[in-house]
Amino acid sequence: MDRILLQRIREKDKHAFEELYNKYGAYALRVAAAVTGSAAIAADAVQEAFIRVYYNLDSFDLDRPFEPWFYRILINECKRLLKKGSKVTYISDYMETAWNVSEEDDYNFVEYEELYRAISNLNDKIRIPIILKYLKGFKETEIAQILGLNLNTLKSRLYKGRQKLKKVLKDYGERSREYEL
Amino acid sequence: MNYKGFEEKVTRALNHGTEPAASLKEETYYRIKEEIDRIDKGEIKLSKRKKTGAKHIISIGTIAAVLTVSFMMATQPGQAALDKIRQWFEPEKKIVDEIEGMPEDINGKLQESTMGYVLYYDQDRYMVVSEDGIDRIETIEKPENYPPVFMEISQDTERTPEELAAEWEEKLKAEFVKVKNYGWVDWPLDSIMLYANTGNNWNDTVVKYYFVDNTQGGTFVIKQQLFFEASEGHGVRLDNALKEFTIVSLDEE
């Protein structure tokens, strides 16, 4: 239960904090990486977000769900770091983008790579909602809350994003069939 | 391809693409723990910690710039920092702006604020009054029977642009006939923008709010108050001043 865990963290129980990190850290890193396009910036954003959680939990209402609050902090950190480091390219990101294809057939691998590239190329307004919905699995009401958006605005952005990605998949499918012929 | 199949593909693509970041989980926790230990031992202060990320002059396109000025004392932004800023920015400069389709020479004057920003404003038309933590750029000429025109800049060090924009949107709805939230905009500067008016008569009040991330977890709140007929003239002039709004982050050395 997050509430008990968070109460313990308020009392500065570091084991509880580690437990919280183990529960949410991996997906936070994934979401931050998809938002920033960089594993290195993602790690910085997640570090800052968790430190803010550790020291600012008193201002959080324990009756509310933790994740929307946390992801609001995380997304803001991602945006802040992107602004600060907009001209910085991390060599490590090139080195780390080695996809694990051992358990995937080549077709799926290339298709996922194409789709991920297409998601990365969406503008922020569309991309971040898509990431929160499909990577993290948030409900639309939660995403609207995290991003401070009207629900209809959010639905419209998700719709636009899906249309663009469907077109990418359709084009990819057609190219693949042509290649097979 | 059915809808569920499409959604699964998007999820799988995102999971594959972010695999390198997920592998940083342990390393990142180690860094968090180390940082918290240092804060708890008093080796570094939470509020004075150097934020991660680049610490140098960073230009964000032509929209806004963030300038980090290092100074020796861990104090609030003060005279020493402003002296440093003066070395970087000319006190006055000529700017050519387009007003209602025509190029116009502007005598720009540097406004250096202890809040941590600078901008150039048209010194032939406007003056700056600073009090109670608010910088107010107002018209020098104040003709009778015309509503006031001004731009106020303040800072909320605790809340994000999203939080403040949501709060102000509700407040404006109670007072104005039309309220529009434009979300994140990149002109005249990177911010969340709200617009509201009391109607379409020449003297109806128009307000615009820009909520700008101050890069330290807070927000610069910029309010422009105009009247309907002045939206094109003063509105554009004040927006032009914001094009060169530069955040000066005053970190300790």
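What counts and what doesn't
- Residues numbered from 1 in each chain as written.
- Chains lettered and ligands numbered in written order.
- Predicted model: local features only at pLDDT ≥ 70, side-chain atom pairs only at ≥ 80, totals over all residues.
- Core = buried A, V, L, I, M, F, W, Y, C linked by C-beta atoms within 7 Å.
- Buried ≥ 20, exposed ≤ 12 C-beta atoms within 10 Å, placed from the backbone.
- Helix = DSSP H or I, 4+ residues; strand = E, 2+ residues; numbered from the N terminus.
- Contact = placed C-beta atoms within 7 Å.
- Expected span 1.5 Å × (residues − 1).
- Bend = angle between axes of the 7 residues up to and from the residue.
- Axes fitted to C-alpha atoms, helices over the stretch in contact; angles between N-to-C directions.
- Parallel < 35°, antiparallel > 145°, perpendicular 65-115°, else oblique.
- Left-handed = near helix turned anticlockwise from the far one by under 90°.
- Nonpolar A, V, L, I, M, F, W, Y, C, P; charged D, E, K, R; others polar.
- Arc of directions from axis to C-beta.
- Pairing = 2+ DSSP bridges.

> Can you lay out the nonpolar core for me, pointing to particular residues and giving the numbers?
Counting 57 residues, the largest nonpolar core has V31, A32, A42, V46, L74 and I131 of chain A as the members making the most contacts within it. Listed by contribution, the elements that provide at least two residues to this core are α2 (14-36), α3 (39-56), α4 (66-84), α6 (106-121), α7 (124-134), α8 (140-147) and α9 (151-180) of chain A together with α1 (3-17) of chain B. In terms of residue count, the dominant contributor to this core is α2 of chain A (12 residues). If we ignore the near neighbours within four places in the chain, the residues touching V46 of chain A are G25, A28, L29, A32 and L74 of chain A together with T28 of chain B. Counting 30 residues, the second largest nonpolar core, distinct from the first, contains Y120, I192, F220 and F245 of chain B.

> Could you give me a rundown of the environment of L165 of chain A, with the residues and numbers involved?
Within the secondary structure, L165 of chain A is located in helix α9. Judged by the 22 C-beta atoms lying within 10 Å of it, L165 of chain A falls in the buried class. Residues L165 of chain A and E114 of chain A lie 51 residues apart in sequence; the distance between their C-alpha atoms is 9.9 Å. Those residues within four positions of L165 of chain A in sequence are excluded, and the remaining contacts are L115, A118 and I119 of chain A together with V10 of chain B.

> How would you explain α2 of chain A if you had to name every residue and give the values?
All names here are of chain A. With 23 residues, α2 extends only 28 Å from end C-alpha to end C-alpha; this falls clearly short of the ideal 33 Å at 1.5 Å per step. Bending of α2 peaks at approximately 45° at the position of Y24. Count one or two residues on from α2 and you reach G37, which has phi positive near 75°.

> Go over the packing of α2 of chain A against α7 of chain A with me, naming the residues and quoting the values.
Residue and element names in this part refer to chain A. The interhelical angle for the contact between α2 and α7, taken along N-to-C directions, is 160°, at an axis separation of 10 Å. Here α2 is positioned roughly antiparallel relative to α7, judged by the angle of their axes. At the point where α2 passes α7, the crossing takes the right-handed sense. Contacts between α2 and α7 involve V31, A34 and V35 on the former and, on the latter, I128, I131 and L132. The class makeup of the residues in the contact of α2 with α7 is six nonpolar, no polar and no charged.

> So what's going on with the interface of chain A and chain B? Residues and values would help.
Contacts between the two partners involve 46 residues from chain A and, on the opposite side, 40 residues from chain B. Elements that contribute at least two residues to the side of chain A that touches chain B include exactly α2, α3, α4, α6, α7 and α9 of chain A. Looking at which element gives the most residues to the side of chain A that touches chain B, the answer is α3 of chain A, with 11 residues.

> Quick one: what's the story with helix α3 (residues 25-40) of chain B, residue by residue and with numbers?
Residues spaced three or four apart along an α-helix point in a common direction, a consequence of the helix completing one turn every 3.6 residues. When the terminal C-alpha atoms of α3 of chain B are compared, their 22 Å separation across 16 residues agrees well with the 22 Å that a helix rising 1.5 Å per residue should span. Turning to α3 of chain B, its buried residues are T28, I32 and E35 of chain B. Taken around the axis of α3 of chain B, the buried residues stretch over an arc of 65°, which confines them to a single face. Turned more than 90 degrees off the buried face of α3 of chain B, the exposed positions are E26, E27, Y30, E34 and D37 of chain B. Buried residues belonging to α3 of chain B abut α2 and α3 of chain A. Following α3 of chain B by one or two positions, G42 of chain B has its phi on the positive side, about 80°.

> Could you give an account of the sheet that holds strand β11 (residues 205-213) of chain B, naming the residues involved and the relevant values?
Residue and element names in this part refer to chain B. If you walk across this open sheet you meet the seven strands as β6-β7-β8-β12-β11-β10-β9, and the pairing is antiparallel. Where the open sheet ends on each side, the last strands, each with one partner, are β6 (126-131) and β9 (178-185). Taking each pair of neighbouring strands and ignoring which way they run, the sheet shows an average axis angle of 15°. In this structure, β11 lies alongside strand β12 (residues 219-227), joined through nine bridges in antiparallel fashion. Bridge pairing links Y209 to K223 in β12. Strands in contact with helix α5 (residues 161-175) are β8 (150-156), β9, β10 (191-197), β11 and β12; relative to β10, the strand with the most contacts, it is inclined by about 5°.

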